[in-house]
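Listed below are the residues making up each chain.
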Amino acid sequence: MSQSGLDRGDVLGAPYAQSIARPATIHVCSACGHEESRWAGQCSACGEWNTLVEEVRRHGQRAARAGAAIPGSTGALTPVPLGEVAAAAHARLQTGIGELDGVLGGGLVPGSLVLIGGAPGIGKSTLTTMALAHLTAAGRRTLYVSAEESAAQIRLRAQRLTGGTPLAIPVIAETDLGAVLATLESVRPEVCVIDSVQTLHSAELSSAAGSVGQVREVAGEILRVAKARGICVLLVGHVTKDGALAGPRVLEHLVDCVLQFEGERERTYRTVRAIKNRFGSTNEAGVFEMRDHGLVEVLDASAMFVSEATRAPGSVVLCAMQGSRPLLVEVQALVSPSELEPPRRVAAGFDRNRLALVLAVLGRHGGIGLGTADVFVNVVGGIRADEPGADLAVALAVASAARGVAMTSPAGRPLACFGELGLTGELRSVAHGDRRIAEATKFGLAPALSPDSHRTVREALAAALGGRQRSPRVAA
Ligand SMILES: Nc1ncnc2c1ncn2[C@@H]1O[C@H](COP(=O)(O)OP(=O)(O)OP(=O)(O)O)[C@@H](O)[C@H]1O
Ligand SMILES: [Mg+2]
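In this text the structure is predicted, and so the values were computed from the model without any measurement.

Reading the values: rules and limits
- Residues numbered from 1 in each chain as written.
- Chains lettered and ligands numbered in written order.
- Predicted model: local features only at pLDDT ≥ 70, side-chain atom pairs only at ≥ 80, totals over all residues.
- Heavy atoms only, no water.
- Salt bridge = Lys/Arg side-chain N within 4 Å of Asp/Glu carboxyl O.
- Helix = DSSP H or I, 4+ residues; strand = E, 2+ residues; numbered from the N terminus.
- Buried < 20%, exposed > 50% of the residue type's maximum accessible area, 1.4 Å probe, protein only.
- Core = buried A, V, L, I, M, F, W, Y, C linked by side-chain atoms within 4.5 Å.
- Domains from an automatic or database assignment.
- Pairing = 2+ DSSP bridges.
- Axes fitted to C-alpha atoms, helices over the stretch in contact; angles between N-to-C directions.
- Contact = heavy atoms within 4.5 Å.
- Near = heavy atom within 4 Å.
- Polar contact = N/O pair within 3.5 Å; in protein donor to acceptor, adjacent residues only side chain to side chain.
- Areas by Shrake-Rupley, 256 points an atom, 1.4 Å probe, with all protein chains shown as cover.
- Nonpolar A, V, L, I, M, F, W, Y, C, P; charged D, E, K, R; others polar.
- Parallel < 35°, antiparallel > 145°, perpendicular 65-115°, else oblique.
- Left-handed = near helix turned anticlockwise from the far one by under 90°.
- pLDDT = per-residue confidence, 0-100.

Observations regarding the pattern of salt bridges
- Within the structure shown, the criterion is met by 18 salt bridges.
- Between glutamate 185 and arginine 229 there is a salt bridge whose closest N-O contact spans 2.7 Å. With glutamate 185 in helix α6 (residues 177-187) and arginine 229 in helix α7 (residues 212-229), this pair connects stretches of sequence that are 44 residues apart.
- Here arginine 229 falls in the partly exposed class, since its relative accessible area comes to 36%.
- Here the salt bridges share partners, and the residues they tie into one network are Glu185, Arg188 and Arg229.

Given below as structure tokens:
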């Protein structure tokens with residue numbers, strides 16, 4: 001934190017010096033907007049707990065909040081008809097990573113702010129370093145601001161990623177927001193990476209780096225400079241597994257584009273998808289594999305997952321959609337007698353509540369009750385199958401595991417399926433059914449079990465298990 005001469009209190013005494021050195025901050029309730037001069041656990045106006053967030057008090061802020069600024073009283077502006085607004089048609093900047101450019105809607109839009117959120121260690125720094133390396137090589141002015149790692153650490157990573165070729169990316173390792181803003185003003189990069197928004201610190205606020213107030217202040221100030229100077233900023237943000245960390249969530253409305261970087265850290269596959277995009281669709285997703293020399297685009301993920309599918313009991317292939325692209329991915333289940341009450345339900349890559357629903361439908365409408373069994377479900381490769389279309393695959397994988405019967409086609413190929421389960425046991429159609437079926441056909445997995453071929457989960461189970469049902473291994 002910056003220490004001015006006055007801070008040291010040699011003339012004025014410490015308490016007084018502090019109040020001069022640090023611009024006044026206020027604590028604003030995020031629930032009702034009430035302002036307090038000090039932090040408190042509970043808002044005295046609305047009674048909500050833990051809603052006071054520190055903000056820098058800017059000139060006239062209180063008057064504006066109180067509604068004292070009557071429109072038209074000062075500095076009225078003249079609205080311009082949209083048709084007369086000068087539209088800057090800048091070409092998008094290619095990051096050289098096809099999957100990333102696709103998710104962005106064709107590349108980075110100059111002057112835009114992109115938030116890249118992801119769990120710790122998922123590969124955010126790797127992705128942004130690779131993008132900057134390409135942009136720098138293409139002759140763009142770039143800047144990498146690291147508030148987490150030293151310049152030496154960034155160099156080591158970049159060397160690993162580029163195979164030791166000369167590294168031209170300009171870097172600064174700095175945590176102070178003021179210094180970063182001044183550098184942005186002087187360097188004026190076309191593309192800048194801020195890694196990460198939670199570790200930059202504004203000296204104007206007393207709260208710790210990463211707190212909601214700090215994250216908002218840091219992002220707001222960077223946004224101001226970026227928009228004024230036409231700098232495209234890639235803002236890295238950490239999200240915890242359940243997305244609970246306040247940080248990036250409070251920024252989503254501020255930025256132009258929010259990318260979510262997902263995958264299991266221990267596995268090699270990663271997906272990047274747009275949650276919000278002011279310059280493109282949010283349907284696209286990119287698949288990567290983390291290798292020792294960086295993230296490699298996986299152009300034919302379906303082929304890889306189908307070839308790796310085990311075809312053992314408990315394994316089926318889901319015709320999933322990753323954005324607007326179909327993807328065949330293996331879903332595995334394990335069912336075993338439980339010693340716990342209630343039994344375990346563990347899901348990786350699939351929503352746990354959704355799993356509870358699928359098991360309830362299986363028990364009630366499919367005749368496969370698992371009340372005394374532990375159930376584990378895993379979507380292979382760290383892929384997340386967070387769509388209703390994955391229900392049937394989970395149901396069939398669990399049924400296959402419970403019955404001890406492998407679900408394969410007569411030709412011995414893995415069984416492919418998709419569809420949503422309704423609460424009355426019906427199969428409901430999902431988006432892009434034709435594209436999912438086309439993908440299954442392309443890899444020799446036709447016909448796929450789907451709401452087009454079967455009406456209920458009972459019919460689908462009968463078709464999948466056929467006459468091959470063995471006596472239940474797990475007490476129903
Ligand atoms: N030599 C290596 N070979 C293969 N993979 C590696 C190697 N070194 C690092 N990785 C992978 O890179 C990941 C870390 O990447 P990166 O530092 O870009 O993640 P991050 O999201 O920026 O993490 P953080 O949250 O710590 O900033 C590791 O989890 C690991 O999977
Ligand atoms: Mg990092």
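Next, the rest of the story.
As for the nonpolar core
- Core analysis: the largest hydrophobic core is formed by 63 residues, its most contacted members being Val316, Leu318, Val331, Leu370, Leu396 and Val398.
- Listed by contribution, the elements that provide at least two residues to this core are α9 (301-308), β13 (315-322), β14 (325-337), α10 (352-365), β16 (373-379), α11 (391-403), β17 (416-417) and α13 (457-465).
- Of the residues forming this core, the biggest block, ten residues, is contributed by α11.
- Each of domain 2 (92-299) and domain 3 (306-465) gives at least three residues to this core.
- Listed in part, the 29 residues of the second largest apolar core include Leu108, Ala131, Val191 and Met290.

What to know about the sheet that holds strand β9 (residues 257-262)
- Strand order in the open sheet made by the nine strands is β6-β5-β7-β8-β4-β9-β10-β11-β12, with mixed pairing throughout. Two strands close off the open sheet at either side, each with one partner strand: β6 (171-173) and β12 (294-297). Neighbour-to-neighbour, the strand axes of this sheet turn through a mean angle of 25°, independent of strand direction.
- Pairing of strand β11 (residues 285-291) with β12, which is carried by four bridges, proceeds in the antiparallel orientation. Across the sheet, phenylalanine 288 pairs through a bridge with glutamate 297, a residue of β12.
- Helix-sheet contacts for α7 involve β4 (113-118), β7 (191-195) and β8 (232-238), and the interaxial angle to β8 is about 165°.

What about the environment of cysteine 417?
- You can see cysteine 417 is positioned in strand β17.
- Relative accessible area serves as the criterion here: at 0%, cysteine 417 is assigned to the buried category.
- Along the backbone, cysteine 417 and valine 317 are 100 residues apart, and their C-alpha atoms lie at a distance of 6.4 Å.
- Among residues more than four places away in sequence, those in contact with cysteine 417 are Val316, Val317, Leu318, Cys319, Leu392, Ala393, Leu396 and Leu449.

Considering the site of ligand 1
- In the vicinity of ligand 1 there are 16 residues, among which Gly121, Lys124, Ser125, Thr126 and Arg157 approach most closely.
- Between ligand 1 and the protein, one listed contact pairs an oxygen atom with a backbone N or O atom of glycine 123 at 2.9 Å.
- Lysine 124 is positioned with one of its side-chain polar atoms (N or O) 2.8 Å from an oxygen atom of ligand 1.
- Protein chains shield 67% of the accessible area of ligand 1, which is 650 Å² for the free molecule.
- When contributions to the shell around ligand 1 are tallied by element, the ones reaching two or more residues are α4 (124-137), α5 (151-162) and β11.
- In terms of residues, the shell around ligand 1 owes the most to one element, α4, which gives three residues.
- Residue composition of the shell around ligand 1, by class: three nonpolar, five polar and eight charged.

Some thoughts on the packing of α10 against α11
- As a packed pair, α10 and α11 sit with axes 10 Å apart at the nearest point and diverge in direction by 60°. On the basis of the axis angle, α10 is oblique to α11. With respect to the hand of their crossing, α10 and α11 are arranged in right-handed fashion. In contact with Arg354, Leu355, Val358, Leu359 and Leu362 of α10, α11 contributes Asp391, Val394, Ala395, Val398 and Ala399.
- Its residues assigned to classes, the contact of α10 with α11 shows eight nonpolar, no polar and two charged.

So, the confidence of the model for the protein chain
- Considering every residue of the protein chain, the mean pLDDT works out to 84; 86% of them sit at 70 or more.
- Taken as a whole, residues 1-21 scores under 50 in pLDDT and shows 16 contacts with residues more than four places along the chain or in a different chain.
- Note that pLDDT drops below 50 for residues 469-476; the model gives that stretch 15 contacts with residues more than four away or on any other chain.

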